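# What the coordinates show
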Amino acid sequence: MKLAPSILAADFGNFERDARRLEAAGADYLHIDIMDGHFVENISFGADVVKAIRPVTKCLLDCHLMVENPEKYVASFAQAGADSLSIHVEATRHIHGAIQKVNAAGLRSAVVINPGTDISSIKHVLEIVDMVLVMTVNPGFGGQKFIPECLEKVRELSEIRQFRGLDFEIEVDGGVDNQTIIACRDAGADVFVAGSYIFDGNVEENIATLRAALN
Ligand SMILES: O=C(CO)[C@@H](O)[C@H](O)COP(=O)(O)O
């Protein structure tokens, strides 16, 4: 079970301090939300922020690309020091090719599905990804309410993984707190992104509370 704090909820003037703090508090992955203002309404940051964070942490840098034509950015994120790139099936006309490109760059790959997208759209890439990211809110903003209907997809993916003998991780993202994390774990998720829950109050205590909820 891995915790992946989202730096979208961090202090944008102090990414270095917050990245160090999250690692020291027990984060496994740092989840970095890249938003282009086209695929989603919000604009966040790009590969240069990944480059700035890379030297200050050993955590896996889990970059979630909420951008149109994500395949265009694989090389720049690889050069910046990303460890993992997550590609939305809704953002490309060539999801299989985009994942192949991430794998060829030597990075971990993930395919992402929005709440309104059925898992049938990703069944042909499950053999070539390291992770599936099931969005449990509509992408674009932190602080939204968890959509429980998405859990059904986590359950289905967990069954498919077992049935086909695959080993991709299942990550959930959006509205994850000390209650919803339990439902996600019970459905079969292994990696839990949380932004506002972790940064609202004491980061160390909130990470410890999430970790305890998983035990
Ligand atoms: O990708 C996204 C939002 O698009 C997420 O990573 C959020 O940043 C999670 O934030 P909380 O729902 O935990 O506040």
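Residues numbered from 1 in each chain as written. Predicted model: local features only at pLDDT ≥ 70, side-chain atom pairs only at ≥ 80, totals over all residues.

An unreviewed UniProt entry annotates the protein chain as Ribulose-phosphate 3-epimerase of Pseudolactococcus paracarnosus. For the record of the protein chain, the UniProt heading Function (unreviewed entry) holds the text "Catalyzes the reversible epimerization of D-ribulose 5-phosphate to D-xylulose 5-phosphate." Here the protein chain is described in UniProt, under the heading Sequence similarities (unreviewed entry), as follows: "Belongs to the ribulose-phosphate 3-epimerase family." (UniProt positions renumbered as here; feature names shortened; annotations may be inferred.)

The UniProt entry lists His31, Asp33, His64 and Asp173 under the feature "binding site: a divalent metal cation" (unreviewed entry), expressed in the numbering used here. Over a stretch of 143 residues, the named residues converge on one spot in the fold, their C-alpha atoms separated by at most 10.6 Å. As for its position among the elements, His64 is in strand 3 (residues 60-66). Residues within four places of His64 in sequence aside, it is in contact with His31, Ile32, Asp33, Ile34, Ser86, Val112 and Leu133. Here Asp173 shows up in strand 7 (residues 169-173). Taking the number of C-beta atoms within 10 Å as the measure of exposure, Asp173 has 27 and is therefore buried. Residues in contact with Asp173, not counting those within four places in the same chain, are Leu133, Met135, Thr136 and Val193. (Helix = DSSP H or I, 4+ residues; strand = E, 2+ residues; numbered from the N terminus. Contact = placed C-beta atoms within 7 Å. Buried ≥ 20, exposed ≤ 12 C-beta atoms within 10 Å, placed from the backbone.)

Feature annotation in UniProt places "active site" (unreviewed entry) on Asp33 and Asp173, given in this structure's numbering. Of the residues just listed, which span 141 residues, no C-alpha pair is farther apart than 10.6 Å, and they cluster in one region. As for its position among the elements, Asp33 is in strand 2 (residues 29-35). Among all residues touching Asp33, those that are not within four sequence positions of it are Ser6, Leu8, Ser44, His64 and Met66.

Its location among the elements puts Thr136 in the loop between strand 6 (131-135) and helix 5 (151-164). Excluding its chain neighbours within four sequence positions, the residues that come into contact with Thr136 are Phe146, Ile147, Cys150, Val172, Asp173, Gly174, Gly175 and Val176.

With 14 residues, helix 5 extends 20 Å between its outermost C-alpha atoms, agreeing within 8% with the 20 Å of an ideal straight helix rising 1.5 Å per residue. The inward-facing, buried residues of helix 5 abut strand 5 (108-113), strand 6, strand 7 and helix 6 (180-187). Downstream of helix 5 by one or two residues, Gly165 has phi in the positive range, about 65°. (Expected span 1.5 Å × (residues − 1).)

Near the ligand you find 22 residues, and of these Leu8, Pro139, Gly142, Gly195 and Ser196 are the closest. When residues of the shell around the ligand are traced back to their parent elements, those giving at least two are strand 2, strand 8 (191-194) and helix 7 (196-199). For the shell around the ligand, the residue count by class is nine nonpolar, 11 polar and two charged. (Near = placed C-beta within 6 Å. Nonpolar A, V, L, I, M, F, W, Y, C, P; charged D, E, K, R; others polar.)

In this section: the sheet that holds strand 2. Spatial strand order, 1-8-7-6-5-4-3-2: eight strands in an open sheet with parallel pairing. Of all strands in the sheet, those bounded by a partner on one side alone are strand 1 (2-5) and strand 2. Between one strand and the next, the sheet's axes are offset by a mean angle of 25°, whatever the strand orientation. Looking at chain direction, strand 3 and strand 4 (residues 84-88) are connected through four bridges and run parallel. Among the inter-strand pairings, Asp62 is bridged to a residue of strand 4, identified as Ser84. (Pairing = 2+ DSSP bridges. Axes fitted to C-alpha atoms, helices over the stretch in contact; angles between N-to-C directions.)

Its place among the elements puts Gly97 in helix 4 (residues 95-104). Separated by 28 residues in sequence, Gly97 and Val125 have C-alpha atoms that sit 9.6 Å apart.

This next bit is on the nonpolar core. Ranked by size, the top nonpolar core spans 68 residues in total, and within it Leu30, Ile87, Val111, Val132, Val134, Val154 and Phe192 carry the most contacts. Among the elements that line this core, the one with the most residues is strand 2, at five residues. Excluding residues that lie within four positions of it along the chain, Val111 makes contacts with Ile87, Val89, Ile95, Ile99, Ile122, Val125, Val129 and Val132. (Core = buried A, V, L, I, M, F, W, Y, C linked by C-beta atoms within 7 Å.)

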